[in-house]
Amino acid sequence: MSKSLNPLRKTTPDLHRFYVQLTTTAQWYAVMRECRAWFGSDWRTQPKTRRRLQRVWEHTPVEAWFEVPNPEWSTWIATKLALQVRSDTKHQVNK
């Protein structure tokens, strides 16, 4: 099986997993918008996050993971959107 997220393009580099604490669906969509701007379609996110955000009480944080090729993305998201981001140094995707 190919390591590429988009099989018609070259294989993706190693992906880095980051956990972002979200409290609203607007924050989740803002993070996804930044991922699309930075990486196009070469990134992944945890499925069913929107559903989890809609079911919890208001202002209760939900932690969702994002897998991206550039580790500098986490600093940008934390600064631009004022969200808490932690990295999972033990987990290396496609390694």
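Scroll up a little and you will see the structure.
Below, the structure is looked at part by part. Keep in mind that this is a model prediction, so the values were computed, not measured.

Look at helix α1 (residues 25-39) against helix α3 (residues 73-81): their axes get within 11 Å of each other, and the N-to-C directions meet at 135°. One finds that α1 runs oblique with respect to α3. Every pair of crossing elements has a handedness; the one defined by α1 and α3 is right-handed. Residue-level inspection shows Ala 30, Val 31, Glu 34, Cys 35, Trp 38 and Phe 39 of α1 in contact with α3, the latter providing Trp 73, Trp 76, Ile 77, Lys 80 and Leu 81. Residue composition of the contact of α1 with α3, by class: nine nonpolar, no polar and two charged.

Right, let's talk about unusual backbone geometry for a bit. Backbone geometry places Lys 48, a non-glycine residue, at a positive phi of 65°. Taking relative accessible area as the criterion, Lys 48 reaches 57% and is therefore assigned exposed. Even without glycine at this site, Ala 82 takes up a positive phi of about 55°. Along the chain, the position of Ala 82 falls in the loop between α3 and β4 (85-93).

To continue, consider the pattern of salt bridges. In a structure, side chains of opposite charge can pair up when their charged atoms sit close to one another. For the structure shown, the criterion picks out four salt bridges. Close ionic contact of Lys 80 with Glu 34 constitutes a salt bridge, the shortest N to O distance being 2.6 Å. Taken as a pair, Lys 80 in helix α3 and Glu 34 in helix α1 lie far apart in primary sequence, 46 residues in all. Of the residues examined, Lys 80 reaches a relative accessible area of 46% and is grouped as partly exposed. Glu 34 sits in the buried class, given a relative accessible area of 12%. For Arg 44, the salt bridge goes to Glu 67, with nearest N and O atoms at 2.9 Å.

About the criteria used
- Residues numbered from 1 in each chain as written.
- Predicted model: local features only at pLDDT ≥ 70, side-chain atom pairs only at ≥ 80, totals over all residues.
- Heavy atoms only, no water.
- Axes fitted to C-alpha atoms, helices over the stretch in contact; angles between N-to-C directions.
- Helix = DSSP H or I, 4+ residues; strand = E, 2+ residues; numbered from the N terminus.
- Parallel < 35°, antiparallel > 145°, perpendicular 65-115°, else oblique.
- Left-handed = near helix turned anticlockwise from the far one by under 90°.
- Contact = heavy atoms within 4.5 Å.
- Nonpolar A, V, L, I, M, F, W, Y, C, P; charged D, E, K, R; others polar.
- Buried < 20%, exposed > 50% of the residue type's maximum accessible area, 1.4 Å probe, protein only.
- Salt bridge = Lys/Arg side-chain N within 4 Å of Asp/Glu carboxyl O.

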